[in-house]
Amino acid sequence: MKYLDYVIQFWKEGEKKCFCASEIALYFFLAKECNRNFWNMPISCSTEYICSQIGLTKQTICNARNSLAKRGLIDFTKGRRGKTPPHYSLRDLTNGLTTESTNELTNELTNELTNGLTINKDEDKDIEKESGIDTLPEREEKNALSITQLKEILMVDTAWHDKLLVLLSGDGITLDKVTLKELLGQFFLMLETNGPKGKELSDCRQHAYNWIRRKLRNDKYGNQQCDIRRPVEILASSPEEYEGSF
């Protein structure tokens, strides 16, 4: 299994019982770390480091990992203070699935890969209004997530952030990770204020890419203003020359 397999597996489990924000943040942080370690598990990661990366307290981290372990999504061993850090592994739940369930999971994976980050150069002409809101009719999708869920996932998905930076660089837009995260924050604020109630994960990724690209393009080329007033030449050289009818 690779990164996207674990994402799909996670949300299929979430259909049975909703995850809290700390569980989502911890799971996707661990997925990112496992991906960075080329899926050689278990990985070692101190609780202090996790706290600093996702902004949660030590107790919250412990509660979240216990919950994820009970639901069969991760395995972990506790660290020894001052000696060894905790070790984590993501579990593969597909081993216990029937053939029918496995085929269903494979089909979902194929659709995600097809729709994930495919860029259509003409798409942004139709998907956004001047206000930046998606103009396509909102589809009733069983896999649609709330804006809050999407924000919690994508704001900590550093692997996707790296892909965005590469895609934007190909369009001649160079950003650092801090600036990108600020733009993503603005994007989700826009969705929370004026946007749809929910989106599919792949649709939201596409929308975010197009919104950032269009925003930066408009900031660079579309906000120029010109002063239509022109100077008036003053020919009079003394107060007396102003006298007379106009």
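Not measured: the values here are computed from a predicted model. (Residues numbered from 1 in each chain as written. Predicted model: local features only at pLDDT ≥ 70, side-chain atom pairs only at ≥ 80, totals over all residues. Heavy atoms only, no water.)

## Some details on the nonpolar core
Step number 1: Counting 54 residues, the largest nonpolar core has Phe10, Trp11, Tyr27, Phe28, Leu90 and Phe188 as the members making the most contacts within it.
Step number 2: The element best represented in this core is helix 2 (residues 21-36), accounting for 9 residues.
Step number 3: Dropping the residues within four chain positions of it, phenylalanine 28 is found in contact with Tyr3, Val7, Phe10, Trp11, Ile153 and Val156. (Core = buried A, V, L, I, M, F, W, Y, C linked by side-chain atoms within 4.5 Å. Buried < 20%, exposed > 50% of the residue type's maximum accessible area, 1.4 Å probe, protein only. Helix = DSSP H or I, 4+ residues; strand = E, 2+ residues; numbered from the N terminus. Contact = heavy atoms within 4.5 Å.)

## A look at the packing of helix 2 against helix 4 (residues 58-70)
Step number 1: Viewed as axis vectors pointing N to C, helix 2 and helix 4 meet at an angle of 80 degrees, and their least axial separation amounts to 9 Å. Judged on the interaxial angle alone, helix 4 and helix 2 are roughly perpendicular. Here helix 2 contributes Ser22, Glu23, Leu26 and Tyr27 to the contact with helix 4, which in turn contributes Thr60, Ile61, Ala64, Arg65, Ser67 and Leu68. (Axes fitted to C-alpha atoms, helices over the stretch in contact; angles between N-to-C directions. Parallel < 35°, antiparallel > 145°, perpendicular 65-115°, else oblique.)

## Considering the packing of helix 3 (residues 47-54) against helix 4
Step number 1: Across the interface, helix 3 lies against helix 4 with an axial gap of 9 Å and an inter-helix angle of 100 degrees. Compared by their axis directions, helix 3 and helix 4 come out roughly perpendicular. For the pair formed by helix 3 and helix 4, the contact residues are Thr47, Glu48, Ile50, Cys51 and Ile54 on the first element and Lys58, Ile61 and Arg65 on the second.
Step number 2: Considered class by class, the residues forming the contact of helix 3 with helix 4 number 4 nonpolar, 1 polar and 3 charged. (Nonpolar A, V, L, I, M, F, W, Y, C, P; charged D, E, K, R; others polar.)

## Some thoughts on the environment of leucine 26
Step number 1: Tracing the backbone through its elements, the reader meets leucine 26 in helix 2.
Step number 2: Given the relative accessible area of 0%, leucine 26 is considered buried.
Step number 3: Setting aside chain neighbours within four positions, we find leucine 26 in contact with Ile50, Ile54, Ile61, Ala64, Arg65 and Leu68.

## Some words on the side chain of arginine 205
Step number 1: You can see arginine 205 is positioned in helix 10 (residues 201-221).
Step number 2: The exposure class assigned to arginine 205 is buried, which follows from its relative accessible area of 10%.
Step number 3: Separated by 3.1 Å, the side chains of arginine 205 and aspartate 157 make a polar contact. (Polar contact = N/O pair within 3.5 Å; in protein donor to acceptor, adjacent residues only side chain to side chain.)

## Regarding helix 3
Step number 1: Buried residues of helix 3: Thr47, Ile50, Cys51 and Ile54, and no others. With its buried residues spanning 100 degrees around the axis, helix 3 presents them on a single face. Exposed and facing more than 90 degrees away from the buried side of helix 3 are Glu48 and Ser52.
Step number 2: Just downstream of helix 3, glycine 55 is the residue with a positive phi angle, here 70 degrees. (Arc of directions from axis to C-beta.)

## Re the confidence of the model for the chain
Step number 1: Averaged over all residues, the pLDDT of the chain is 77; the fraction at 70 or higher stands at 69%.
Step number 2: Scored below 50 in pLDDT, residues 117-141 shows 47 contacts in the model against residues more than four places distant or in partner chains. (pLDDT = per-residue confidence, 0-100.)

## Examining the pattern of salt bridges
Step number 1: For the coordinates displayed, the defined rule picks out 9 salt bridges.
Step number 2: Lysine 16 is paired through a salt bridge with glutamate 13; the nearest N and O atoms lie 3.4 Å apart.
Step number 3: Under the relative-accessibility criterion, lysine 16 is labelled exposed at 67%.
Step number 4: The partner of aspartate 75 in a salt bridge is arginine 91, and the shortest N-O contact between them spans 3.7 Å. One end of the pair, aspartate 75, is in strand 2 (residues 74-77); the other, arginine 91, is in the loop between strand 3 (87-90) and helix 5 (99-115), with 16 residues separating them in the sequence.
Step number 5: Linked through salt bridges whose partners overlap, the residues forming this network are Glu13, Lys16 and Arg71. (Salt bridge = Lys/Arg side-chain N within 4 Å of Asp/Glu carboxyl O.)

## Brief notes about the state of the cysteines
Step number 1: For the structure shown, the criterion picks out 0 disulfides.
Step number 2: In this structure cysteine 45 is not part of a disulfide, and its nearest cysteine sulfur, from cysteine 34, lies 9.3 Å away.
Step number 3: The class for cysteine 45 is buried, based on a relative accessible area of 5%. (Disulfide = S-S within 2.5 Å.)

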